[in-house]
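Working through the structure, step by step
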Amino acid sequence: MTRPVRIFWRIFFGGFAFVIVLLLMLNFGWIGSMPDLNDIENPTASLASQVYAEDGTLMGKYYIEDRINVHYKDISKNVIEALVATEDERFYDHSGIDARSLARAFFYLGSEGGASTITMQTAKNLFTENWSTKNFILRGLQKLKEGIIAVKLERNFTKEEIATLYLNTVAFGDNVFGIRNASKTFFQKEPDRLNVEEAAVLIGMLKGATLYNPRRNPKLALDRRNTVLNQMVRNNYLKEEEAVLLKSKPIELNYKKLDETTGLGPYFRMVLGEDMKKWCKEHKKNNGDTYDLYRDGLKIYTTISPRMQQYAEESVAKHISYMQKLLNTQENIKNGTVWKGFENVLEQSMKQSERWKNAKKDGLSDDETKKTFYQKVPMHVFAWNKTRGKDTVMTPYDSVKYHRQMLQASFMVMDPLNGQIKAWVGGIDFKTFKYDHANINTKRQVGSTIKPLLYSLAIEEAGFTPNTEVQDIQQSFGSYGMVPNTGKTCTGATMPMALALAKSRNCASAYILKQLDNTANNGAKRFVEYLKKCEMKSKLDPYPSIALGATEISLYEMMQAYSMFPGRGFNAQPMYITRVEDRNGNVLATFTPKRKEVINDVTAYSVIKMMQGVMQFGTGAGIWQYDPPGGLEIAGKTGTTNDNSDAWFMGYTPQYLAGGWVGCDDRFIRFKSENLNGQGGRAAMPIWAYFFSKAAADANCGIDTKLTFIKPDIMSNDINIDYINGTTPVLGGEGEDLGTGTSTDYEVPKDIKPEELGAESQIILKEGEKPLDPKDKKPSNLPATPGNKPGEKPAEKPKTVMPPKKPGGGNN
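An account of the accompanying structure is given in this report. Keep in mind that what you see is a predicted model, and the values were worked out from it rather than measured.

**A short note on the overall build of the protein**
Assigned secondary structure in the protein consists of 26 helices and 22 strands. Burial status across the protein gives 53% buried among its 812 residues. Within the protein, contacts between residues at least 6 apart in sequence are counted, and of these 70% link residues at least 24 apart. A total accessible area of about 37100 Å² is found for the protein, and carbon and sulfur atoms account for 52% of it.

Here it is as C-alpha cells:
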C-alpha cells in the first residue's frame, strides 16, 4: 500500500471516528445541552394560560408566546396536506432525516432548498428555541443536534403526532404561535374548519411569518398562497382545475387578535392576572417548580357572565360619554381655570409619561424635555367614539390635561347569595386608562351609601325600626364638634327613620349615630367595629363624620357589605374564580363561596324596605325616567361626596346586587357643587338602570322581573312605612343627597390625638340626653335642641373633626 493511500485511509477512518465521537458527545450532551429521553417523550412548549367565562367563552389569555395546543383530530386535513406538500414532501417516507434533501442542500449549498424535515423543525421548535447564531460551525453543530433529536422523536411518536407537535409550536407572526391561535386570529375559525385556501395562506406564512403576513403584505401573501396551492397539485392533494379556481380568489381575512386591551373584561382580567401570579408563587408543580402564569397553559374558569359583562361595559360607555359632554360645558373646564393651583399635578403627570422617560434616555435635560411638552405634534388621543380614539394635533401638555379631565367610572354586578361576580368594569377604556377603579385597593369617599349600613346597625343592635322617629337636627359630639358642621341643611323636624334614609338626611344620620353612644363605647367606634364585621379592610377612623360617609372605601368592599341585605343577613365575599386546571385539564384548585351571618333576617328585610323607599320617594326616585324593567323590585341608595367629587349608587334586586362609582381621578375636577349632575342620582344611578334594562331583556341573563323580596317567616305582618304623613315637610325626590360637606367644613383640633378617638371622656351627654337602651324600640328623653337646655342660647358650634387632610384634595 503506497504512502498516499495509507494517508487517505487514515484521514477517512480518522474522520469517520471523529464524526462518531462527535455524534456521541452531542447525543449525551457533552457538547452543549441535549434533552433527555423523558423530555423527548413528554415534549412541552410555552403555553398561554386561558381565562374562561362561566359559559366557557374564552375571555383572554396570559402569555409570552401566544400558543394553545390542539389534537390531530382537531386540525383540518387541508392544513396537514398543505404542510406536507410545501415543507416536507417525503415526510411519510423518512425517519426524521431526508437523505435526498440533505444531499441536495449540500450539493447546492442550500440555494435549492434546505435539508430540514418537519421532524427536524419540530425538534428545533421544542428543544433548541434559544439557539441563534450566524457562526457556520456552531450552526452546523445545531443542525446535527436537530437531526439526533429528530430521530429520537420518530422513534417515540407517530407521524400524525409529530405533525401536530410541529403545528402547535410553529410561529405565525404577530406573536401568534400554533395553528389554533393562527386560525382564530386570522380567520376567526377553529383549525378543523379551515378550507383549502385558508390553510394555504397559513402554511405559506411558515417560510416567513412577517414577510408573508396577509395583514401586512397582502400581495406577497397572495403569491405565497398560490405557491402552496401549486405544491398541493404537484403532490396530488389538489386537482389542477380546483387550484386554478382557488388562485383566482382574493384572501378574505377576518383578523382579530385577542390581547390585553381587547376581549371581555380587560380590567377584570388585569386584576385576575395579579391574583393568579400570587397563586402561582404559592403552588408548586410535581417537579417542585412554581407555576408560571405566562408559560404553563393554565385554564382559569371564572364567574363572569359574558352577556352581563357586555351590558355593563355598554351601560358605562353610554352614560359616561353623555356625562362627559355635560362636564366639558362647565366654565372652569372650558377655560382651564380648574387647573389653577394644581399645576403640580400636571408636572407630575408629565414626568410619569413615556414621552418624558424617552426624552431623558436621549440625554435631554429637564428644561429641554419640558419644552417638548409645549410643542404641537400629531397624536392619537382617547375619544368617545366607536374606536375610542381620534387623531389630532395638540401639545403633549394639553393632552395630559385633556385625559385627566375625563370622568372615570367603576361598576360591578354580583350574586349576593354566593358572592359570584358577574360583571366587572374598572374604567372607561383599558387601552388608554389602565388604572382599575373597582378593585379593593381603589378607595374613594362613599358619601350617603354608608347610611344603610349605619341604619342596619341601629336596627340590629339598638332596637330601631323603620318607623322609629329620628330628629333631623344638628348634633354635638363634644370635642369632636357639630355634625354636620352647618345646620342649614337640617329641617329640624322629626320623621320616621325610613324617611330620613329616603331623603338622605345628614342631620338625622348624625342623630342616629349619637343614639348609638353608650357607656362602653362611642357611636363612631361602635360603627367602625360593625363595618369591620362586614369585612371592610379599609382604614376606618372613628370620627363622628363617618355617619355621613366621610371615609374612603372601595367599591369591592361596599359590594361585600351590601350583600347582607339581599342575602338575608349573610355577608358574601366577592369571588370570581371557580377552578384552575393545568394544561392537561387536571384540576389544581377549586373555590367555593364564603358567607357569614352579620345581621338577622328581620334586620336585612327592614333595610330592604327602607331602601325601596329611597327608590320610590327619595333620592333614587329619578331612576324611573331611565326606564328600568317593569315589575322589577329595586332597593338602592345614592351617594354624593364633597363638592360632587364622588358619585355613587348601590342597588339590588331579589337576584343581583350592583354598584357603581363615577368621578375624576383628580378630585378637584368635578361638577360644581350647585350642579345636580354631579350627584349620585344623576352621575352614577343611570348606569345601574341601563344595565338592568339590557340584562332583563336578555333571557340568557336569567333575570326574573316577577321575583319579590321575601318577608321572613318570623314576621307575622309586613312592614308599613308612612312616607307622607310624618312631621317633616315633603322634600324633593332628587337633589337632597347632601354629600359629606365641603373641605372647609372640617378641621382637626391640635389637642386631639388619634389614640384618644375612642376615649369615653370625649362622649359628652348634655342635660336631657342619656344613652339609648338597646331594649327600647325608639330613642327616649330627646333633647329639646341639639346639646342645649330648653330656652338656653345655643353654644358656639365647634367645627366637625375630620381625619387629617390629604394634599391637593382636602377631605374629598
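**Describing the packing of aromatic side chains**
To describe a pair of aromatic rings, you give the distance between the ring centres and the angle between the ring planes. Following the criterion strictly, the structure yields 24 aromatic pairs and no others. Ring centres 5.7 Å apart and planes at 35 degrees place the aromatic pair Trp279 and Tyr291 in the tilted group. One end of the pair, Trp279, is in helix 12 (residues 266-282); the other, Tyr291, is in the loop between helix 12 and strand 5 (299-302), with 12 residues separating them in the sequence. Note on accessibility: Trp279 and Tyr291 belong to one class, buried. Aromatic side chains Phe649 and Trp688 sit 5.8 Å apart centroid to centroid with 80 degrees between the ring planes, which places their arrangement in the edge-to-face category. Here Phe649, found in strand 21 (residues 647-652), pairs with Trp688, found in helix 26 (residues 685-696); they are 39 residues apart in sequence, far enough to count as distant. Of the two residues, Phe649 and Trp688, neither departs from the other in class, the shared state being buried. Taken together, the aromatic side chains of Phe411, Phe649, Trp688, Phe691 and Phe692 make up a single cluster linked through ring pairs.

**Structural notes on helix 18 (residues 396-404)**
Those residues of helix 18 lying buried are Pro396, Tyr397, Ser399, Val400 and His403. All buried residues of helix 18 lie within an arc of 165 degrees about the axis, which places them on one face of the element. On its buried face, helix 18 sits against helix 15 (343-352), helix 16 (354-361), helix 17 (366-372), strand 6 (377-381) and strand 7 (390-394).

**A look at the environment of Trp339**
Examined against the element boundaries, Trp339 turns out to sit in the loop between helix 14 (331-334) and helix 15. Judged by relative accessible area, Trp339 falls into the buried class, the value being 3%. Separated by 62 residues in the primary sequence, Trp339 and Lys401 place their C-alpha atoms 8.5 Å from one another. Not counting residues within four places of it along the chain, the set of residues in contact with Trp339 comprises Val345, Leu346, Lys401, Arg404, Gln405, Asp666, Phe668 and Ile669.

**Section: the sheet that holds strand 22 (residues 657-663)**
Spatial ordering of the open sheet is given by 9-8-22-21-20, a layout of 5 strands whose pairing is antiparallel. In this open sheet, the two strands that pair with only one neighbour each are strand 9 (421-425) and strand 20 (635-640). Ignoring which end each strand starts from, the neighbouring axes of this sheet average 5 degrees apart. Sheet analysis places strand 21 next to strand 22, joined by 6 bridges and oriented antiparallel.

**So, the packing of helix 10 (residues 218-234) against helix 11 (residues 240-247)**
Viewed as axis vectors pointing N to C, helix 10 and helix 11 meet at an angle of 175 degrees, and their least axial separation amounts to 9 Å. The orientation of helix 10 with respect to helix 11, classified from their angle, is roughly antiparallel. For the pair formed by helix 10 and helix 11, the contact residues are Arg225, Asn226, Leu229, Asn230 and Val233 on the first element and Glu240, Ala243, Leu246 and Lys247 on the second. Broken down by class, the residue content of the contact of helix 10 with helix 11 amounts to 4 nonpolar, 2 polar and 3 charged.

**Let's talk about the side chain of Ser349**
Tracing the chain through its elements places Ser349 in helix 15. The contacts of Ser349, once residues within four sequence positions are left out, are Val400 and Arg404.

**Things to note about the state of the cysteines**
In a disulfide, the sulfur atoms of two cysteines are held together by a covalent bond. Counted according to the given criterion, the structure contains 1 disulfide. Cys490 shares a disulfide with Cys507; S-S distance 1.7 Å. Residues Cys490 and Cys507 share a disulfide whose torsion about the S-S bond is about -70 degrees; that sign makes it left-handed. Of this pair, Cys490 sits in the loop between strand 13 (482-483) and strand 14 (494-496) while Cys507 is found in helix 21 (residues 506-515), placing the two residues 17 residues apart along the sequence. The pair Cys490 / Cys507 is uniform in exposure class, with both members buried.

**Concerning the nonpolar core**
Core analysis: the largest hydrophobic core is formed by 147 residues, its most contacted members being Phe411, Trp424, Leu453, Phe527 and Phe565. Once residues within four sequence positions are removed from consideration, Phe527 is found in contact with Ile450, Leu453, Leu454, Leu457, Leu513 and Ile546. Core analysis: the next-biggest nonpolar cluster, separate from the first, contains 43 residues, Ile118, Ile149, Ala199 and Leu229 among them.

**A look at the sheet that holds strand 17 (residues 577-581)**
Ordered in space as 2-1-5-17-18, the 5 strands form an open sheet in which the pairing is mixed. The open sheet has two free edges, formed respectively by strand 2 (58-62) and strand 18 (587-590), since each of these has just one partner strand. Neighbour-to-neighbour, the strand axes of this sheet turn through a mean angle of 20 degrees, independent of strand direction. Direction of pairing for strand 17 relative to strand 18: antiparallel, over a ladder of 3 bridges. Each bridged residue has a counterpart across the sheet, and for Glu581 the counterpart in strand 18 is Val587. Of the strands in this sheet, strand 1 (49-52), strand 2, strand 5, strand 17 and strand 18 are in contact with helix 12, which crosses strand 2 at around 50 degrees.

**As for the pairing of strand 20**
Consecutive side chains along a regular strand alternate between the two faces of the sheet. Most of strand 20 sits out of view: 6 of its 6 residues are buried. Side chains Ala635, Lys637 and Gly639 of strand 20 all project onto a buried face; the interleaved residues Gly636, Thr638 and Thr640 project onto the opposite face, where all are buried too. Both strand 20 and strand 21 contribute to a ladder of 6 bridges, which runs antiparallel. Each bridged residue has a counterpart across the sheet, and for Gly636 the counterpart in strand 21 is Gly651.

**With respect to helix 3 (residues 77-87)**
Within helix 3, 10 of the 11 residues are buried, which leaves the element mostly enclosed by the surrounding structure. Among all positions in helix 3, only Asn78, Val79, Ile80, Glu81, Ala82, Leu83, Val84, Ala85, Thr86 and Glu87 are buried. The opening residue of helix 3, the one whose side-chain oxygen lies 3.1 Å from the backbone nitrogen of Asn78, is Ser76.

**Overview of the environment of Ser353**
Position of Ser353 relative to the elements: it lies in the loop between helix 15 and helix 16. As a C-alpha pair, Ser353 and Pro396 span 43 residues in sequence and 9.8 Å in three-dimensional space.

**A short note on unusual backbone geometry**
For the bond running from Val483 to Pro484, omega is -10 degrees, close enough to zero to count as cis. With respect to the helices and strands, the residue Pro484 is situated in the loop between strand 13 and strand 14. A positive phi is found at Asp643, a non-glycine position, where the angle reads about 55 degrees. Relative to the elements of secondary structure, Asp643 occurs in the loop between strand 20 and strand 21.

How each quantity is defined
Residues numbered from 1 in each chain as written. Predicted model: local features only at pLDDT ≥ 70, side-chain atom pairs only at ≥ 80, totals over all residues. Heavy atoms only, no water. Helix = DSSP H or I, 4+ residues; strand = E, 2+ residues; numbered from the N terminus. Buried < 20%, exposed > 50% of the residue type's maximum accessible area, 1.4 Å probe, protein only. Contact = heavy atoms within 4.5 Å. Areas by Shrake-Rupley, 256 points an atom, 1.4 Å probe, with all protein chains shown as cover. Phe/Tyr/Trp six-rings, centres within 6.5 Å; stacked < 30°, edge-to-face > 60°. Arc of directions from axis to C-beta. Pairing = 2+ DSSP bridges. Axes fitted to C-alpha atoms, helices over the stretch in contact; angles between N-to-C directions. Parallel < 35°, antiparallel > 145°, perpendicular 65-115°, else oblique. Nonpolar A, V, L, I, M, F, W, Y, C, P; charged D, E, K, R; others polar. Disulfide = S-S within 2.5 Å. Core = buried A, V, L, I, M, F, W, Y, C linked by side-chain atoms within 4.5 Å. Polar contact = N/O pair within 3.5 Å; in protein donor to acceptor, adjacent residues only side chain to side chain.

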